[in-house]
Amino acid sequence: MDTIEQTKVSLNYVEIEGGLLLELLEGVATHASKDKSLRTLNAVQVEGAGGDLIARATDRYRLIEGAVRYRDGGLEPSLIGLEDIKRILSLLKDHKANLVEIHRVGDAITVSSLGDSVTFSLIDANYPPMQDILVKSEGEPSAIDSVAFNPALMSDYAKIAGKKAAIKVYFNGDGKPMRIRITSDTIKWRALLMPMRYAD
């Protein structure tokens, strides 16, 4: 195999523990839009580089990014439809204790473990620049009198953090997204939640 082929393989193959991938995708999928007409947002973006497998999702009202260490390989940014994410989660629930392989060839991805696999096509679309938005939100918190938010959206953070775990909210100013800190021993989370208009 020549150098170019080796590079392509290394960029599109990841080996990761099944339980870690399950926790990552379950958490991120909560923030993907449920509106199937919004094809780009009814999806999760996944990429792997530098030893971190990163997954992102947004429904326009909030966004989340999770990063977890993987064992080997790398993966170019890949946009996976939410229905296909659900197929991956179904497979992972049977392989929490096993190594899982992710292979990308062109616009197709296969996720497999111990002979079980799912294969699907990626979504061809430009995903929102979430990395830039997250970085801009990481300044010094602001003091504000009050803020309104959708409690139904906030409840997903409790599911991600787990029972009895705390989350921390940083306010970035009036009308600006709130930065959510979720503590985890295995995944590095970054999240933003948009405030709501509220009339007293």
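Higher on the page you've got the structure.
Notes on the structure follow.

Each value, and the rule that gives it
- Residues numbered from 1 in each chain as written.
- Predicted model: local features only at pLDDT ≥ 70, side-chain atom pairs only at ≥ 80, totals over all residues.
- Heavy atoms only, no water.
- Helix = DSSP H or I, 4+ residues; strand = E, 2+ residues; numbered from the N terminus.
- Contact = heavy atoms within 4.5 Å.
- Areas by Shrake-Rupley, 256 points an atom, 1.4 Å probe, with all protein chains shown as cover.
- Lys, Arg positive; Asp, Glu negative; His and termini not counted.
- Charge placed at Lys NZ, Arg CZ, Asp CG, Glu CD.
- Buried < 20%, exposed > 50% of the residue type's maximum accessible area, 1.4 Å probe, protein only.
- Phe/Tyr/Trp six-rings, centres within 6.5 Å; stacked < 30°, edge-to-face > 60°.
- Lys NZ or Arg CZ within 6 Å of the ring centre and 35° of its normal.
- Pairing = 2+ DSSP bridges.
- Axes fitted to C-alpha atoms, helices over the stretch in contact; angles between N-to-C directions.
- Arc of directions from axis to C-beta.
- Polar contact = N/O pair within 3.5 Å; in protein donor to acceptor, adjacent residues only side chain to side chain.
- Left-handed = near helix turned anticlockwise from the far one by under 90°.
- Nonpolar A, V, L, I, M, F, W, Y, C, P; charged D, E, K, R; others polar.
- Salt bridge = Lys/Arg side-chain N within 4 Å of Asp/Glu carboxyl O.

1. What about the overall build of the chain?
Okay, so step 1: Along the backbone of the chain there are 5 helices and 11 strands.
Okay, so step 2: Dimensions of the chain, computed from the C-alpha atoms along their principal axes, are close to 65 × 35 × 30 Å.
Okay, so step 3: In the chain, the share of contacts with a sequence separation of at least 24, taken over all contacts with a separation of at least 6, comes to 65%.
Okay, so step 4: About 11,300 Å² of surface is accessible on the chain, with carbon and sulfur atoms providing 50% of the total.
Okay, so step 5: Taken together, the 25 basic and 28 acidic charged side chains of the chain have centroids lying 6 Å from each other.

2. Regarding the side chain of Thr58
Okay, so step 1: Residue placement: Thr58 occurs in strand S3 (residues 52–58).
Okay, so step 2: For Thr58, a relative accessible area of 8% puts it in the buried group.
Okay, so step 3: Filtering out sequence-adjacent residues up to four positions away, Thr58 remains in contact with His31, Ala32, Ser33, Leu41, Leu63, Tyr127, Pro128 and Met130.

3. A look at the environment of Ile85
Okay, so step 1: Looking at where Ile85 falls in the secondary structure, it is placed in helix H3 (residues 82–92).
Okay, so step 2: Each C-alpha atom, one on Ile85 and one on Ala43, is 7.8 Å from the other, the two residues being 42 residues apart in sequence.
Okay, so step 3: Discounting chain neighbours no more than four positions away, the residues touching Ile85 are Leu25, Ala29, Val44 and Ile80.

4. Points about the packing of aromatic side chains
Okay, so step 1: Under the counting rule described, the total for this entry stands at 0 aromatic pairs.
Okay, so step 2: When the ring centre of Tyr170 is taken as origin, the NZ or CZ atom of Arg179, which lies over that ring, is 4.2 Å away.

5. What to know about the sheet that holds strand S9 (residues 167–170)
Okay, so step 1: Strand order in this open sheet of 11 strands is S8-S7-S6-S1-S5-S2-S3-S4-S11-S10-S9, and the pairing throughout is antiparallel. Of all strands in the sheet, those bounded by a partner on one side alone are strand S8 (116–121) and S9. On average, each strand axis in the sheet is tilted by 20° relative to the strand beside it, whichever way the strands run.
Okay, so step 2: Each of strand S1 (12–17), strand S2 (43–49), S3, strand S4 (62–69), strand S6 (99–105) and strand S11 (188–193) touches helix H2 (residues 18–29); the most contacted strand, S4, lies at about 170° to it.
Okay, so step 3: H3 contacts S2, strand S5 (72–81), S6, strand S7 (108–113) and S8 of the sheet and is inclined by roughly 170° relative to S8.

6. Some thoughts on helix H5 (residues 151–161)
Okay, so step 1: Three or more residues of H5 are buried, namely Leu153, Met154, Asp156, Tyr157, Ile160 and Ala161. All buried residues of H5 fall inside an arc of 140° around its axis, so they share one side. Every exposed residue of H5 that faces more than 90 degrees away from the buried side is listed here: Pro151, Ala152 and Lys159.
Okay, so step 2: Among the structural elements, H2, S4, S9, strand S10 (178–182) and S11 are those in contact with the buried residues of H5.
Okay, so step 3: With a side-chain oxygen positioned 2.9 Å from the backbone nitrogen of Ala152, the residue opening H5 is Asn150.

7. As for the packing of H2 against H3
Okay, so step 1: Running from amino to carboxyl end, H2 crosses H3 at an angle of 145°, the nearest separation of the two axes being 10 Å. Read as a crossing pair, H2 and H3 show a hand that is left-handed. Contacts from Gly18, Leu21, Leu22, Leu25, Glu26 and Ala29 of H2 reach H3 at Leu82, Ile85, Ile88, Leu89 and Leu92.
Okay, so step 2: Broken down by class, the residue content of the contact of H2 with H3 amounts to 9 nonpolar, 1 polar and 1 charged.

8. Remarks on the pattern of salt bridges
Okay, so step 1: Counted under the stated rule, the structure contains 12 salt bridges.
Okay, so step 2: For Arg104, the salt bridge identified is with Asp107, shortest N-O distance 3.9 Å.
Okay, so step 3: Using a relative accessible area of 17% as the deciding quantity, one classes Arg104 as buried.
Okay, so step 4: Between Asp156 and Lys159 there is a salt bridge whose closest N-O contact spans 3.5 Å. Pair noted here: Asp156 and Lys159 are both in helix H5, with a separation of 3 residues, about one helical turn.
Okay, so step 5: With relative accessibility at 10%, the residue Asp156 sits in the buried group.
Okay, so step 6: Owing to a relative accessible area of 62%, Lys159 belongs among the exposed residues under this scheme.
Okay, so step 7: One network of salt bridges, in which partners are shared, links Glu47, Arg56, Glu65 and Arg190.

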